[in-house]
Every structure is written in C-alpha cells, then in structure tokens.
Amino acid sequence: MPNKLPAPLAILPGNGARLASAFHLSASGLAWADKVTFQIAKDAGFGNMVMNRTVDTPTVVAPKLSPGHYYYRVRGQGTQPGTWSKASTFEVLEVGGDETGSGGAGGAGDII
C-alpha cells in the first residue's frame, strides 16, 4: 500500500547551502506529524549515516560535522511514517581565513 502521508514542503538549510558554523535543520508542512525524523549522510543513498534523529518538533540542531559534502532528508511520523523529503545537499566548510559565516537564509550558496 503506497504511503499517502505527504513529504515536508520545505527544508532548511536550502539545497546547496555552504555552512561554516553550527546550524539547525528545519522542515515545514508537517502540522499533521507527531514526530519528525531528520537524517544526514555522507552519501546520496543514506548508507553512510552521520545523524538519524527523531524529535517532537520540526527543527533540530545538527551535530558538529567535519568539513565535507553531506545529504539530508526529513519525514514526519503520525500513525505511520510519512514520505521522505527529496534529499538535499549542503557543504560544511573548514572555518578559517575570511570565511567567518556571513548570515543569510541558508539558500544555495549562502555561507552560514
């Protein structure tokens, strides 16, 4: 039986974000969900997972990550698990030099 629970509408940081500091993962469109699961992995197939966390709110603090390229996705859970969001990517930058983290909304190319 196909899953009829919707995927999140939007997730942050935006796809392709470049991050230089601690950050939150966030999702919208999950008012129906009792719990929200966030996953971060080093690969697009989510086989090399670095975070798999289920929380009561649509926002979670990401763990401290080594510099590199990561994939992430989100899904809500009600009476059954919802549909995973489309996987997005972000890059964690090595902090140093002039890249001090300039704010921004977390969209593609922003350094936060």
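Whatever comes next refers back to the structure up there.
These remarks concern the structure in this document. Quantities reported herein were computed from a predicted structural model and do not represent experimental measurements.

Some thoughts on the sheet that holds strand β2 (residues 17-19)
Link 1 in the chain: Strand order in this open sheet of five strands is β2-β8-β7-β4-β5, and the pairing throughout is mixed. Every interior strand has two partners, whereas the edge strands, β2 and β5 (49-55), have only one. Adjacent strand axes in the sheet meet at a mean angle of 25° when their direction is disregarded.
Link 2 in the chain: Relative to strand β7 (residues 68-77), strand β4 (residues 35-41) runs antiparallel, the two being bridged by seven bridges.

Section: the packing of aromatic side chains
Link 1 in the chain: This structure, assessed with the given rule, holds three aromatic pairs.
Link 2 in the chain: With centroids separated by 5.1 Å and ring planes inclined at 70°, the aromatic side chains of Phe23 and Phe90 adopt a geometry described as edge-to-face. On the criterion of sequence distance, the pair formed by Phe23 in the loop between β2 and β3 (24-28) and Phe90 in strand β8 (residues 88-92) is long-range, its members being 67 residues apart.
Link 3 in the chain: The buried category is assigned to Phe23, whose relative accessible area is 8%.
Link 4 in the chain: Look at Tyr70 and Phe90: their rings are 5.5 Å apart centre to centre, the planes differ by 20°, and that puts the pair in the stacked class. Placement of Tyr70 in strand β7 and of Phe90 in strand β8 is noted, with a sequence separation of 20 residues between them.
Link 5 in the chain: Exposure remark for Tyr70: the relative accessible area of 3% places this residue in the buried category.
Link 6 in the chain: Exposure remark for Phe90: the relative accessible area of 1% places this residue in the buried category.
Link 7 in the chain: An aromatic cluster is defined as three or more aromatic residues linked by ring pairs; in this entry it consists of Phe23, Tyr70, Tyr72 and Phe90.
Link 8 in the chain: The positively charged end of Lys42 is found above the aromatic ring belonging to Tyr70, 4.3 Å away from the centroid.
Link 9 in the chain: Sitting over the ring of Trp84, Arg73 keeps its end group 4.3 Å from the ring centre.

Examining the layout of surface pockets
Link 1 in the chain: Empty space within the largest pocket amounts to approximately 190 Å³.
Link 2 in the chain: As for the largest pocket, its lining consists of 14 residues, of which Ser21, Ala22, Lys64, Leu65 and Val92 are closest to the centre.
Link 3 in the chain: For the lining of the largest pocket, the class distribution of residues is eleven nonpolar, one polar and two charged.

Section: the pattern of salt bridges
Working definition: two side chains of opposite charge can pair if their charged atoms are close together.
Link 1 in the chain: Under the criterion given, the structure shown has one salt bridge.
Link 2 in the chain: Across the salt bridge formed by Lys35 and Asp56, the nearest N and O atoms sit 2.6 Å from each other. In this pair, Lys35 is assigned in strand β4 and Asp56 in the loop between β5 and β6 (59-61), connecting sequence segments 21 residues apart.
Link 3 in the chain: Residue classification places Lys35 among the partly exposed positions, given a relative accessible area of 36%.

The rules behind each value
- Residues numbered from 1 in each chain as written.
- Predicted model: local features only at pLDDT ≥ 70, side-chain atom pairs only at ≥ 80, totals over all residues.
- Heavy atoms only, no water.
- Pairing = 2+ DSSP bridges.
- Helix = DSSP H or I, 4+ residues; strand = E, 2+ residues; numbered from the N terminus.
- Axes fitted to C-alpha atoms, helices over the stretch in contact; angles between N-to-C directions.
- Phe/Tyr/Trp six-rings, centres within 6.5 Å; stacked < 30°, edge-to-face > 60°.
- Buried < 20%, exposed > 50% of the residue type's maximum accessible area, 1.4 Å probe, protein only.
- Lys NZ or Arg CZ within 6 Å of the ring centre and 35° of its normal.
- 1 Å grid on protein atoms, 1.4 Å probe; cavity = no way out; pocket = protein on both sides within 12 Å on 5 of 7 lines; lining within 4 Å.
- Points joined across faces, edges and corners; volume = space filled by probe spheres on them.
- Nonpolar A, V, L, I, M, F, W, Y, C, P; charged D, E, K, R; others polar.
- Salt bridge = Lys/Arg side-chain N within 4 Å of Asp/Glu carboxyl O.

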